[in-house]
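The primary structure of each chain is shown beneath.
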Amino acid sequence: MATPAIRMFRKLEGLFCVYKPAGVHWKLVRDSIETNLLKGLNAAPSPPLPHHVRLLTQPNNESETSKGLTVSTVSVPVLSKHPLVTGPEFQHIRVGVGHRLDAFSSGVLVLAVGNGNKALNDFYSTRVTRDYTLEAEFGTATDNFTHTGRVVERSTYDHITQDKLERVLSMLEGVNQKTLLTYSNIDMRSQEAYEMAVQGLLGPEGKSTPILTGLRCIRFQPPNFTLELQCLNETQKYLCKIVHEIGLELRSTAVCKGVRRTRDGLFTLQDALIHHHWTAADVMQAIQLYHSTKKNKKRSKAANKTSALQTSEDNITETQQSEVNEGRFAE
Amino acid sequence: MASTCAQLCLRGTGPLYSKTVSSTWQYYTRVQQRIKVTRAPTKVISGSSIRGNHTTATTLTRLRWKQQICFYSDSAAKYLTTEAKEGTNTQELSRTNVGAHKTSLLPTRDAALTTENNHISLDLDPVAQPSALEEISDEEAISISVPSAIPPVSTTLRDYVDKSETLSKLVQLGVNLWKLEQRPNVGSMLLRLNFNTDVAPRLLFLKDIGVEDSRFGYIISHNPFILTESLENLQARVNYLKSKNFSSETVASMVSRAPYLLNFSVKRLDNRLGFYQQQLNLSANNTRNIVARLPRLLCGSLEPVKENLKVCEIELGFKRNEIQHIVLAVPKLLTANKRKLTEIFDFIHNTMKVPHHLITKFPQVLNSKHLRLRERHLFLEYLGKAQYDPTLPNYITLDRLVSLPDETFCTELALATLEDFYLFQKTL
């Protein structure tokens with residue numbers, strides 16, 4: 001006996017992602033999503049009011065018929081169940097926020113509704129990497145490493161070439177690779193470590209310092225340059241600091257002009273809802289899409305397993321054939 | 001020990017209960033409480049007795065046991081006597097205590113707690129009520145007054161809606177009782193009202209001044225106190241507004257849009273009107289105009305308005321006549337958030353490079369949302385169409401930039417598709 005609103009809410013439970021504009025706090029994003037969802041849920045038609053029977057005595061008949069009192073039965077709606085009296089059916093929904101984005105940065109922000117909060121925890125307990133695009137500028141240094149801060153230092157940047165920048169970036173990547181190994185709790189001399197490293201599974205369990213797993217320059221037009229990076233356990237402040245350090249390493253200074261997250265785990269820009277689409281209908285669509293992709297993944301995984309078995313058999317036959325071939329060649 | 005017991009029994013022979021059922025119930029509960037109190041020490045004693053039995057020197061333990069019991073009963077007696085002194089109805093109290101005491105003494109003898117078996121027998125007087133099986137006539141049946149099921153105290157109006165005529169009529173008018181009951185004291189105020197004498201005359205009065213029926217729910221939901229305001233006061237305020245040359249339609253629309261308007265005294269209303277006229281150097285006609293368009297100005301505090309005017313003049317650098325023009329076009333700016341106002345002005349003036357006189361010409365811009373303005377401006381800039389100078393070709397008016405909906409903005413100003421605009425927003 002679920003009301004339409006409850007049925008709608010069941011459909012809403014799950015994970016989805018939004019595109020957070022720069023200059024808006026994530027709490028504001030969460031709250032506006034929650035109010036929009038509540039508005040959508042409570043707009044669903046409420047069930048009709050139940051009726052109860054009331055006995056009404058008629059006072060004008062009383063004088064005429066002293067013995068038999070006429071009592072009329074009237075069916076009246078129970079007003080205590082009226083939506084104006086009980087208030088809206090849903091008064092708050094649990095909306096959880098994934099990895100935070102500070103007010104300065106923009107990009108993909110994962111949100112969870114209702115039961116999705118559990119899935120959100122599971123999602124972040126796996127080691128998810130995130131993609132960022134950083135807009136940066138040489139020539140100045142500020143106190144908070146972004147272009148909005150107070151300017152602390154100015155410097156020249158004519159001597160910087162793309163080659164020098166790439167060298168610094170690769171050095172940074174190397175340093176981060178080393179920290180990645182120290183945070184993965186495995187003996188580096190073991191066979192297990194080798195096998196995991198081959199599969200690319202080495203990494204920190206849970207908390208660690210921010211680690212960049214990939215870093216490259218995708219645009220270099222001095223004084224502006226754009227970096228693209230993948231990282232683990234980062235904060236946006238840390239990324240701005242990276243830009244600052246790159247500037248110092250190049251005997252210059254640099255500030256971050258924009259931090260934009262383009263991917264968070266499996267959520268990419270394509271799925272992100274921009275703020276015109278933060279309505280219950282659009283969110284529901286996004287969540288349905290998420291559920292369907294999850295199902296497809298499971299199915300494809302199962303399919304992969306069977307195919308992998310087949311291919312391994314094929315490999316065996318191939319290797320046998322090759323042995324045979326080699327044998328022939330030797331002859 | 002025997003002597004103390006006898007003493008207690010003596011004290012226990014009090015007069016029989018001659019009170020009603022309720023009072024005996026009360027005492028019974030008291031007895032139960034007493035039993036609870038006395039249980040703990042008996043446990044201690046039984047525990048110690050068991051320990052004593054296990055030891056070899058039986059005589060010694062027996063002695064100790066006796067001593068303990070004596071000590072216990074003595075202490076209990078002392079406790080009882082002090083209680084008795086304190087209590088006003090000493091005899092009943094002591095009697096109940098004796099009962100409790102007996103139950104507590106028993107388990108010490110056979111080292112098992114069997115308090116359930118020891119019921120205190122109270123002889124109750126039969127209550128003078130007719131049998132449930134007796135037949136009664138219809139008149140009697142009618143005359144039996146059924147106590148109403150209304151709870152005396154409740155946190156919500158939900159329990160009263162079906163019983164109270166006022167509340168059910170208010171719900172039918174569309175008043176949001178759920179919102180009202182969250183305000184302090186409003187719920188009890190509404191319950192005390194009588195529909196025919198309190199509510200109906202005020203609604204009729206509102207109807208007389210021209211407020212539409214459909215607005216009643218909105219007005220009462222926002223201002224339930226209009227139902228407690230006296231009719232003379234309401235009439236006086238409406239008369240005052242009419243004397244200031246507000247037409248009756250304007251008064252009706254003002255009342256239906258600003259529910260608190262009629263709760264303010266004539267003096268206060270006059271004060272507000274005078275303030276706006278003097279601060280903005282407006283003619284009487286213009287003052288009436290802005291107040292009629294935004295009647296909320298007469299209800300709110302004047303401090304934020306003063307602050308906003310100062311912000312416009314000093315921080316944003318508008319001239320006095322420019323402010324007057326802006327306020328006449330968009331009175332909402334007077335109650336706008338100061339921080340948002342400066343934020344959006346900063347963007348228009350410093351990022352879009354629009355001079356003051358153009359902003360004055362299109363004051364609606366200041367009323368728009370910062371995020372919306374920013375993404376539109378950046379999109380136009382990306383397309384190379386951000387041109388806000390009226391002397392140059394391809395001039396885009398600020399008015400159209402802000403007020404057009406997304407589809408028309410894309411097709412008419414940006415000459416792009418809506419999907420492109422949405423995709424562009426993901427790159428900001």
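Chain B has the name Transcription termination factor 3, mitochondrial in an unreviewed UniProt entry, where Oreochromis niloticus is given as its organism. What the UniProt record of chain B gives under Sequence similarities (unreviewed entry) is the line "Belongs to the mTERF family." Taken from UniProt, the Subcellular location (unreviewed entry) comment for chain B reads in full: "Mitochondrion".

If you check an unreviewed UniProt entry, chain A appears there as TruB pseudouridine (psi) synthase family member 2 from Oreochromis niloticus. Taken verbatim from the UniProt record of chain A, the Sequence similarities (unreviewed entry) comment is "Belongs to the pseudouridine synthase TruB family."

With that out of the way, let us pick up the overall build of chain B. Helix and strand counts for chain B stand at 23 helices and 0 strands. Out of the 428 residues belonging to chain B, those deemed buried represent 41%. Here the analysis covers contacts within chain B between residues at least 6 apart in sequence; of these, 71% occur between residues at least 24 apart. Of the roughly 24,500 Å² that chain B leaves accessible, carbon and sulfur atoms contribute 55%.

A few words now on the interface of chain B and chain A. Chain B puts 23 residues into the contact, and the matching count from chain A is 28 residues. When chain B packs against chain A, close to 2,200 Å² is buried across both sides, 58% of that on carbon and sulfur atoms. Across the contact surface, chain B and chain A share 0 salt bridges. Mapped by element, the contributors of at least two residues to the side of chain B that touches chain A are α5 (138–143), α6 (158–161), α7 (165–173), α8 (177–180), α20 (370–383) and α23 (418–425) of chain B. Classifying every residue of the side of chain B that touches chain A by side-chain character gives 9 nonpolar, 6 polar and 8 charged.

Residues and elements named next belong to chain A. Assignment of secondary structure puts Ser105 in the loop between β4 (95–97) and β5 (106–113). Side-chain polar atoms of Ser105 contact the side chain of Asp102, separated by 2.5 Å. Once residues lying within four places of it in the same chain are set aside, the contact partners of Ser105 are Lys20, Pro21, Ala22, Gln236 and Val259.

For the bond from Pro222 of chain A to Pro223 of chain A, the omega torsion is 10°, close enough to zero to count as cis. Within the fold, Pro223 of chain A resides in the loop between β9 (211–221) and β10 (224–232). Of note in the backbone geometry, Asn233 of chain A takes a positive phi value of approximately 55° without being a glycine. Along the polypeptide, Asn233 of chain A turns up in the loop between β10 and α7 (236–249). Backbone geometry at Asn245 of chain B places phi at a positive 65°, although glycine is not the residue there. Structurally, Asn245 of chain B is set in the loop between α12 (231–243) and α13 (248–257). For Asn245 of chain B, a relative accessible area of 57% puts it in the exposed group.

Scoring rules and cut-offs
- Residues numbered from 1 in each chain as written.
- Chains lettered and ligands numbered in written order.
- Predicted model: local features only at pLDDT ≥ 70, side-chain atom pairs only at ≥ 80, totals over all residues.
- Heavy atoms only, no water.
- UniProt positions renumbered as here; feature names shortened; annotations may be inferred.
- Helix = DSSP H or I, 4+ residues; strand = E, 2+ residues; numbered from the N terminus.
- Buried < 20%, exposed > 50% of the residue type's maximum accessible area, 1.4 Å probe, protein only.
- Contact = heavy atoms within 4.5 Å.
- Areas by Shrake-Rupley, 256 points an atom, 1.4 Å probe, with all protein chains shown as cover.
- Buried area = accessible area lost by both parts, 1.4 Å probe.
- Salt bridge = Lys/Arg side-chain N within 4 Å of Asp/Glu carboxyl O.
- Nonpolar A, V, L, I, M, F, W, Y, C, P; charged D, E, K, R; others polar.
- Polar contact = N/O pair within 3.5 Å; in protein donor to acceptor, adjacent residues only side chain to side chain.

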